[in-house]
Every structure is written in C-alpha cells, then in structure tokens.
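One-letter residues, chain by chain:
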Amino acid sequence: MSINNRYDFVYLFDVKDGNPNGDPDAGNMPRVDPETGHGLITDVCLKRKVRNYLEMDKEGKEGYRIYVQEKAILNERHKEAYKHFDLAHVSKKLPADVKKAKQITGWMCANFYDIRSFGAVMSTEVNAGQVRGPIQLTFSRSADPIFAQEHSITRMAVTKKADLEKERTMGRKATVPYGLYRCHGFISAHLAAQTGFSENDLKLFLQALENMFDHDRSAARGEMTARGLYIFKHDNKLGNTHANKLFDRVTVKTLSEKKPPRSFGDYQIAVNESEIPAGISLIKRIH
C-alpha cells in the first residue's frame, strides 16, 4: 500500500578532509557557488549513495533491484518488461494500447526500487515510459563558505618496466577541510500512489539517509557523517502548509565568527517546535 501522508524533511551531513562531490568540469574540485563560496552537492550524488546502500541491504530480493547501476544496459532492462507480458517492442514507442503501456511502466516501478522512488526517463530505443518519482531532493548547500584545497601526491610504483628509472608520477587531490551541508527533501503521497512507493519503501529510504555514509567510505571522500534528519509529517496527502515554512523551523548557527568551522561542534542546531502548524508532526531520526 502506498503512503498516505506528505513528508518534507531537512537533512544535515558533513565532510571532513574530503571531496564530497567533485565537479568533472573543474578538474574534480569540490563543487562551489562561485558568487558566495558555499559548497554544493548535487541531488544525483546523494541518490547514488541511497542506491548503493539499498543495493547492499536488499541484494537479490524481489522488487528491490536498482535501475541506475554501474554498467547497466537500460534497454535490456526495458526488454524484461516486454518479455514478461509477451509483448514485442516497437523502436522508441510504447505500446499503442494504453493498458499495455501502463503495464510496461508499472512492471518497471514494481521491480526497481529507485524508479518508484526517484522516477526515471525510460523513453529510449526500447521505450518503457517516463515516471516522476515521489522523492525529490534539492542540491545540498554548505552552511558557510568552504575552502577547497589541492594537494600534490606521488605514486611510488610504475605501470610498466620501461618506466622504472623515470621520475615518479605526480597527481593532485582536492579536499574540503570541513563543511556542514544542508539538503531539503520532499515526498509526495500523490506521486507515491502512481509508482507504488510504499510505507516500507519510505522506511528503507530514511534508513539509507541515516546509514549510507558508513558504507560509502573512500580516501577521496574523507570522513562524511549524517548529522541531522528532521522529518515533517503532514496528517494528509496534500499537506497542511508550505514546505519552506517548515524548513525555516530548523536553523543552523555558526558559534564563532573569529575562526572558520572545523567540526560539527562549531555549530548550533535549533528546531523551533512551538511554531510548527497544526496537523504536522516532527520526527527526529538523527540529532
């Protein structure tokens, strides 16, 4: 059964001595707002980590496959839906029969967790339709401007014997000394009904936000930690107030203006629960 409530949430996480989301158009330097110096992390970056976590947690379980996966051939996955209903696909077109077209798209939602959660554009050569997912995330933005550093590194080993006497290979590594990032999220009950996104799917998504960084370690990303997850649950599908009014209830304050923040302890997180509108409950998953 799909969810019966609208949700809006604030997600806080930080990075220490790492590159949380490199920009390939800028030499893989940490993404930054050039006008303010605040760090940025794309929604796609966080969705990748959610996918990776769910892939580990639900490996091999029916209905929890991951659609956007490394080296996945998407057309081959679309063909599975056509094969299931014993239908032949026509290049770049859904079946002309509306019922059959819905069956193809519905099968993809039922079998792939990330499609029924985040949506997908599947109108490729083997057309499986388009889905707008119930979960939408903003870019994450750092609470303060970040300072991106580049470090020189060397490799002691060589690739081939002919290079044995040559100078060692030099490289570059980019890091952020510290950054506390804030992301806003929205979960639509209306769109959940269209994709089949269930209460259990919601539970798994929130679980991933809490734990995914513990299973995404690498030298490049440094130390990343989930610091706060504040979920506003509306008592109906359409909601009781605008999301921005709820997000304003969660404030992040830098404790010292004399030195740049270098740890989560350099911030004060406050939640004004007294001004939360009627019909909305606050759920704190991390604090």
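Residues numbered from 1 in each chain as written. Predicted model: local features only at pLDDT ≥ 70, side-chain atom pairs only at ≥ 80, totals over all residues. Heavy atoms only, no water.

S.K.: Hey, could you run me through the overall build of the protein in this one?
M.R.: Check the secondary structure of the protein and you find seven helices and 14 strands. Counting contacts in the protein only where the partners sit at least 6 residues apart, residues at least 24 apart contribute 72% of the total. Just so you have it, the protein exposes about 15600 Å², and 50% of that area is on carbon and sulfur atoms. If the 44 positive side-chain charges of the protein are averaged to one point and the 36 negative ones to another, these points end up 2 Å apart. (Helix = DSSP H or I, 4+ residues; strand = E, 2+ residues; numbered from the N terminus. Contact = heavy atoms within 4.5 Å. Areas by Shrake-Rupley, 256 points an atom, 1.4 Å probe, with all protein chains shown as cover. Lys, Arg positive; Asp, Glu negative; His and termini not counted. Charge placed at Lys NZ, Arg CZ, Asp CG, Glu CD.)

S.K.: What's the story with the layout of surface pockets in this structure? I'm lost.
M.R.: Empty pockets left among the atoms are what a rolling probe the size of a water molecule brings to light. Its boundaries defined by the atoms lining it, the largest pocket holds a volume of some 260 Å³. Every residue lining the largest pocket is counted, 17 residues in all, and those nearest its centre are Asn19, Gly22, Asn28, Ala220 and Arg221. The set of elements that each furnish at least two residues to the lining of the largest pocket consists of helix 1 (43-57) and strand 10 (169-187). Per-class residue counts for the lining of the largest pocket are four nonpolar, six polar and seven charged. (1 Å grid on protein atoms, 1.4 Å probe; cavity = no way out; pocket = protein on both sides within 12 Å on 5 of 7 lines; lining within 4 Å. Points joined across faces, edges and corners; volume = space filled by probe spheres on them. Nonpolar A, V, L, I, M, F, W, Y, C, P; charged D, E, K, R; others polar.)

S.K.: Even after reading the chapter, I still don't get helix 2 (residues 74-84), so can you show me in this structure?
M.R.: Each full turn of the α-helix corresponds to 3.6 residues, which orients residues three or four apart in the same direction. All of the buried residues in helix 2 are Arg77, His78, Ala81 and Tyr82. Along helix 2, the residues classed as buried sweep out an arc of 150 degrees about the axis, all on the same side. Looking at helix 2, the residues exposed on the side facing more than 90 degrees away from the buried face are Lys83 and His84. Residues of helix 2 that are buried sit in contact with helix 3 (98-111), strand 5 (119-123) and strand 6 (127-132). (Buried < 20%, exposed > 50% of the residue type's maximum accessible area, 1.4 Å probe, protein only. Arc of directions from axis to C-beta.)

S.K.: I keep staring at the pattern of salt bridges and nothing clicks. Help me out?
M.R.: Once the charged atoms of two side chains with opposite charge are near each other, the side chains can pair. Tallied over the entire structure, the rule returns 17 salt bridges. Between Asp23 and Arg31 there is a salt bridge, and its shortest N-O distance comes to 3.8 Å. Overall, Arg31 belongs to the partly exposed group, its relative accessible area being 22%. Note that Asp266 and Lys259 form a salt bridge whose closest N and O atoms lie 3.3 Å from each other. Within the structure, one salt-bridge network assembled from shared partners comprises Lys49, Asp216 and Arg221. (Salt bridge = Lys/Arg side-chain N within 4 Å of Asp/Glu carboxyl O.)

S.K.: Explain the packing of aromatic side chains here, please?
M.R.: Two aromatic rings are characterised by how far apart their centres lie and by the angle between their planes. The final tally for this structure, using the stated rule, is eight aromatic pairs. Geometrically, the ring pair formed by Tyr67 and Phe112 is edge-to-face, given 5.8 Å between the ring centres and 75 degrees between the ring planes. Placement of Tyr67 in the loop between helix 1 and helix 2 and of Phe112 in the loop between helix 3 and helix 4 (113-118) is noted, with a sequence separation of 45 residues between them. With respect to class, Tyr67 is no different from Phe112; both count as buried. Here a set of aromatic residues connected by ring pairs shows up, and it is made of Tyr11, Phe13, Tyr181 and Phe213. When the ring centre of Tyr64 is taken as reference, the NZ or CZ atom of Lys58 above it lies at 5.2 Å. Directly above the aromatic system of Tyr64 lies the positively charged group of Arg116, at a separation of 5.2 Å from the ring centroid. (Phe/Tyr/Trp six-rings, centres within 6.5 Å; stacked < 30°, edge-to-face > 60°. Lys NZ or Arg CZ within 6 Å of the ring centre and 35° of its normal.)

S.K.: What's the story with the nonpolar core in this structure? I'm lost.
M.R.: Formed by 39 residues in total, the largest nonpolar core has its most connected members in Phe9, Tyr11, Phe13, Ile187, Phe205 and Leu209. When residues of this core are traced back to their parent elements, those giving at least two are strand 1 (7-18), helix 1, helix 4, strand 7 (135-137), strand 10, helix 5 (189-195), helix 6 (199-211) and strand 11 (223-234). A total of six residues in this core trace back to one element, the largest contributor, which is helix 6. When near neighbours in sequence (up to four residues on either side) are disregarded, Tyr11 contacts Leu46, Tyr181, Arg182, Cys183, Leu209, Met212, Phe213, Ala226, Gly228 and Leu229. Of all hydrophobic cores here, the second largest spans 15 residues; its members include Val10, Phe232, Ala243 and Leu246. (Core = buried A, V, L, I, M, F, W, Y, C linked by side-chain atoms within 4.5 Å.)

S.K.: When you look at the packing of helix 1 against helix 6 in this model, what are you seeing that I'm missing?
M.R.: Two measures define how a pair of helices packs: the angle their axes make with one another and the distance between the axes. Relative to each other, helix 1 and helix 6 sit at 110 degrees, their axes nearing to 9 Å. Judged by the angle between their axes, helix 1 and helix 6 are roughly perpendicular. Of the residues in helix 6, those in contact with Val50, Tyr53, Leu54 and Asp57 of helix 1 are Leu204, Phe205, Gln207, Ala208, Leu209 and Asn211. Grouping the amino acids of the contact of helix 1 with helix 6 by side-chain chemistry returns seven nonpolar, two polar and one charged. (Axes fitted to C-alpha atoms, helices over the stretch in contact; angles between N-to-C directions. Parallel < 35°, antiparallel > 145°, perpendicular 65-115°, else oblique.)

S.K.: What should I look at first to understand helix 1 in this one?
M.R.: Its 15 residues give helix 1 an end-to-end C-alpha distance of 21 Å, which sits within 8% of 21 Å, the value for a rise of 1.5 Å per residue. Along helix 1, the residues classified as buried are Asp43, Cys45, Leu46, Lys47, Lys49, Val50, Arg51, Tyr53 and Leu54. (Expected span 1.5 Å × (residues − 1).)

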